[in-house]
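# Structure at a glance
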Amino acid sequence: MKDFVIPWDEKDIGTPAKSGAPVTLSIDGFEVTVPEGTSVMRAAAQAGLDIPKLCATDSVEAFGSCRLCVVEIDGRRGTPSSCTTPVAEGMVVHTQSPKVKKIRRGVMELYISDHPLDCLTCAANGDCELQDMAGAVGLRDVRYAAPEGAGIANHFEARDTSGETNRAWLPKDESNPYFTYDPSKCIVCSRCVRACEEVQGTFALTIQGRGFDSRVSAGAGFDDFLSSDCVSCGACVQACPTATLQEKSVIEKGTPARSVVTTCAYCGVGCSFKAELNGDELIRMVPWKSGAANRGHSCVKGRFAWGYANHKERILNPMIRDRIDEPWREVSWEDAIEFAATRLRGLQEKYGQKSIGVITSSRCTNEETYLVQKLTRAVFGNNNTDTCARVCHSPTGYGLGQTFGTSAGTQDFDSVEQSDIVIVIGANPTDAHPVFGSRLKKRLRAGAKLIVIDPRRTDLVKSPHIEAAHHLALRPGTNVAVVSALAHVIVTEGLYDEAFIRTRCDWDEFQQYAEFVSDPRHAPEAVEELTGVPAAEMRGAARLFANGGNGAIYYGLGVTEHSQGSTTVMGIANLAMLTGNIGRPGVGVNPLRGQNNVQGSCDMGSFPHELPGYRHVKLPEVREIFEKAWGVEIDPEPGLRIPNMLDEAVEGGFKGLYCQGEDILQSDPDTKHVAAGLAAMECVIVHDLFLNETANYAHVFLPGSSFLEKDGTFTNAERRINMVRQVMKPKNGYQDWEVTQLLANAMGGDWTYTHPREIMAEIAATTPSFAGVTYDLIDARGSVQWPCNDDSPDGTPLMHVDGFMRGKGRFMITDYIATEEKTGPRFPLLLTTGRILSQYNVGAQTRRTENSIWHEEDLLEIHPHDAEVRGLNEGDWVRLASRSGETTLRAHLTDRVTPGVVYTTFHHPDTQANVVTTEHSDWATNCPEYKVTAVQVSASNGPSDWQEDYAEQARKARRILPAAE
Amino acid sequence: MAPEKMVMMANQIAGFFHTQPGDDQAAKVADHLNDFWAPKMRGQLIDHVEAGGAGLDPLVIEAIGMVRQPA
């Protein structure tokens, strides 16, 4: 069973794993059995017989350039490199013959003759493979030196003793904010170049020149690392055996002495990292090779952008104020909790039990989220709990619930390695889910085909060694029409998988669906004008998907954040069922979750209509479980969703909110409406690391703890429950679950948790899909994918293998209904929004790191044609207006967007892209329609009145009174 | 909630169930409202229908008898 025993030993065994029939050979007299295709080097390492190496590392394929790993093999001539020699049955290998030992020492002597001997002051001292190998081969002497008077022949001395310049010496490249490239220490092993190609797939690095002139080079000759295509994922730094590519944090602080495996707190990929520290000082985050989501890879956010945890703007003391126009007053935890509890109870007495609620966070742990929804259900006595998943993947919950029976991606990320044809719709994984993006690109380079459905030409459409077979550049808001057109082709051309449908789905519902979708009004030709996608492209894409082998669909918020978001999710599920692409590796329906714990926060009962495990509050048998566990009566009526809370607040019926780890003012649509709702409340409690935008309207600020400071679990987009481990103590004094418990107990909760493992035990006891989950199990296995219970004690990598969660798969009729948000003479363009690689969500974390070097402001992408008719040039300030509001930002002219479509990100509060977005939302879930806003763009002189007023209000709202003497 | 917004949300739900097969669309609209709308919102909708139901899709009006009255 895969990963049943976690290889806690992270030793680099030289070349990647292979799968194949067992092959037995002899290495230094020991019998070793390994899969066919394995290298001699790997086989030897697995037997504990490490062969010296420099250019080999097990994250990339063998290269055979350093010649340090040579061996002798009986019956073969010469001394082959063990990294490039596959094992063979009966092979007899000698790793330490006098001949190979002599060769290795000679090779090392040559390497060292062109390497500075400043080991004691080198940043890689103690963490350098060159140093280790010099020791391993017993190098004792370096005989090579330039003849007298012949000038310098090395790469590491800037000048000779006479002061003459060494033209082969290159200065350190310190342009990247997180790592340096020091050419003088480079041994040109190509590990960085290969990691950039094979692992990351960016192809930013190359070896320039030949022979003695060979140098690692980022981009073209005039580039440095920052100006090149480098995306700062860290794969090259990870692969480098010397100090050539070195984290700046290690250079500044020294090599780390201890490490803790934990889980990244950025996107829904949920990468495992080793936090490497000295004491409680974090030195670096290194991707964990055994992490089942990331398999040793990382992106610029998880690998490097953790400095926010120590940022000077982090708030460490609780603060309160009576009114939001007053400055904050720092108080003790006791006083802050007492103030909050008294106010909330007072509001309930005055305005009713349902006048207060909570928002749980997809950035917090499962345990923290569980407690926040428990707070409202068991202590406040209502179901007014919602989560930021409302504004991202709530349609996934509804759509997949209706069709398959549960809200979850069907696959693990490893599945993509077996896909033949992949549809990516409304997602931009190379920016928003970078590690999955790299894994997908790797599979595409190996031959899988790709269909991209997106209004923008994302990087996946065409980038080095990747090209989509079809890019359906649809008009924003027409997803349902395109998905139904694809289904139309599959059904009318008889390309569907009848055997699968007959056995796995409801045949009557399929026939109704087939009749619906066969109607000529769904034909690609009929919707060509509406969608803007050529009919031939749609037909080609449908045929490719239906006939192309294992077909997988990955989707993101470009699907869900529409007035028909839930309908599109159902349409996607229909496509997968039609083509029989459910229930085995390489296929499936895979929502790419935006934040680290979107899946978990939904699982934990954050939604106002359902208790943990997606069970509706109306069901008495479900309520009974929790009523017994909590000793309270649970309201059988659904509570308020976030937009409903704000509406109710404006009307005066919703008065108090506890908002954990979520910045609704910046991230939710129609900022003015959100601000009005918050301003109408009498007790807003913000629990966060920073004084975020929502805190401008708060009366209580409870300092949060970072993911480095807490224990708990995150559940990623694969339903994988990963452990978050405390690597340092909370700088604010409490982990977030402890703060929620303090508040609950101040309101009579009587909670007695002493560790998050006890909270998980309560989750397991009440929620069938988590019944088998314990911290011990996760510790032993590294991670576990739910459902994990008596039926599947080891978890469930693939869902719906033998049958759907709901029994038979259900085809849903998905008719296209145009959004109310329409372009017209006043607002002729369509705005769509998204993310960029270096920033994350509202930017609260990444803006407080060096990542801002890549993206210091939100830009408006506009097609050159649309710009020209408006007289706009690159970099101009432009006014972006919708019927909700207006803002200003700078224009970036690009043909990535089609004429008629503009695009921006929402990472910066001073842009406030959401001033422009509307209150339109998904019909089923009220997920906001971020992706379609009718706008006008025109020239501008600078910030709008709203932006200036907002900045002034924010400045005043953030004032903190000096602590009393 | 502003009445126009409530009417739009209810009509969106009706819009979806109009497209669904069977003859129980009104019941499905009512189920959806019962499952996802908080009691106060349902009460507002019921009041709006009783006041004439201006702007509402006829399917919502048909469904309203099956919408649970808030306690």
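If you're wondering where the values come from, they're calculated on a predicted model, not measured in any experiment.

The rules we used
- Residues numbered from 1 in each chain as written.
- Chains lettered and ligands numbered in written order.
- Predicted model: local features only at pLDDT ≥ 70, side-chain atom pairs only at ≥ 80, totals over all residues.
- Heavy atoms only, no water.
- Domains from an automatic or database assignment.
- Contact = heavy atoms within 4.5 Å.
- Buried area = accessible area lost by both parts, 1.4 Å probe.
- Salt bridge = Lys/Arg side-chain N within 4 Å of Asp/Glu carboxyl O.
- Polar contact = N/O pair within 3.5 Å; in protein donor to acceptor, adjacent residues only side chain to side chain.
- Nonpolar A, V, L, I, M, F, W, Y, C, P; charged D, E, K, R; others polar.
- Pairing = 2+ DSSP bridges.
- Helix = DSSP H or I, 4+ residues; strand = E, 2+ residues; numbered from the N terminus.
- Axes fitted to C-alpha atoms, helices over the stretch in contact; angles between N-to-C directions.
- Buried < 20%, exposed > 50% of the residue type's maximum accessible area, 1.4 Å probe, protein only.
- Parallel < 35°, antiparallel > 145°, perpendicular 65-115°, else oblique.
- Left-handed = near helix turned anticlockwise from the far one by under 90°.
- UniProt positions renumbered as here; feature names shortened; annotations may be inferred.

Right, let's talk about the domain arrangement of chain A for a bit. Residues and elements named next belong to chain A. Taken domain by domain, chain A consists of domain 1 (179-310), domain 2 (319-392 + 598-785), domain 3 (416-590) and domain 4 (829-957). Taking only C-alpha atoms into account, the centre of domain 1 sits 36 Å from that of domain 2. Between domain 1 and domain 2, the contact holds 21 residues from the first and 19 residues from the second. Of the roughly 1,600 Å² buried between domain 1 and domain 2 on both sides combined, carbon and sulfur atoms contribute 63%. Counting across the interface, domain 1 meets domain 2 through zero salt bridges. At the boundary of domain 1 and domain 2, one finds eight residue pairs in polar contact (both at pLDDT 80 or more). Broken down by class, the residue content of the side of domain 1 that touches domain 2 amounts to 13 nonpolar, six polar and two charged.

In this section: the sheet that holds strand β35 (residues 901-905) of chain A. All names here are of chain A. With mixed pairing, the six strands of this closed barrel are ordered in space as β31-β35-β32-β34-β33-β36. Strand-to-strand twist in this sheet, taken as the mean axis angle between neighbours without regard to direction, amounts to 45°. The sheet contact formed by strand β31 (residues 829-834) and β35 spans five bridges and is parallel. Of the residues in β35, the one forming a bridge with L831 is V902.

Turning our eyes to something else, we now look at helix α26 (residues 756-766) of chain A. By the burial criterion, the buried members of α26 of chain A are P756, I759, M760, E762, I763, A764 and T766 of chain A. Looking at the buried positions of α26 of chain A, the neighbouring elements they touch are α9 (366-380), β24 (615-616), α21 (620-630), β28 (712-715), α25 (736-746) and α27 (775-781) of chain A.

Residue and element names in this part refer to chain B. In contact at an axis separation of 9 Å, helix α1 (residues 3-18) and helix α2 (residues 25-36) are set at 140° when each is read in the N-to-C sense. Relative to α2, the element α1 lies oblique. Every pair of crossing elements has a handedness; the one defined by α1 and α2 is right-handed. Counted together, I13, A14, F17 and H18 of α1 and Q25, K28, V29, H32 and L33 of α2 form the full contact between these two elements. Here the contact of α1 with α2 is composed, by residue class, of five nonpolar, three polar and one charged.

Another point: the interface of chain B and chain A. Between chain B and chain A, the contact holds 25 residues from the first and 32 residues from the second. Where chain B abuts chain A, roughly 2,400 Å² becomes buried across the two surfaces, and 56% of that area is made up of carbon and sulfur atoms. There are five salt bridges connecting chain B and chain A. Measuring nitrogen to oxygen at the nearest pair gives 3.1 Å for the salt bridge that ties E637 of chain A to R68 of chain B. For the pair chain B and chain A, the number of links is 11 residue pairs in polar contact (both at pLDDT 80 or more). The element that contributes the greatest number of residues to the side of chain B that touches chain A is α1 of chain B, accounting for eight residues. A breakdown of the residues in the side of chain B that touches chain A according to their chemical character gives 13 nonpolar, seven polar and five charged.

Here the focus is the UniProt feature "domain: 4Fe-4S Mo/W bis-MGD-type" (unreviewed entry) in chain A. Per the UniProt annotation, the sites labelled "domain: 4Fe-4S Mo/W bis-MGD-type" (unreviewed entry) are residues 257-313 of chain A. For residues 257-313 of chain A, the end-to-end C-alpha separation is 29 Å, with 9% helix and 35% strand making up the annotated structure.

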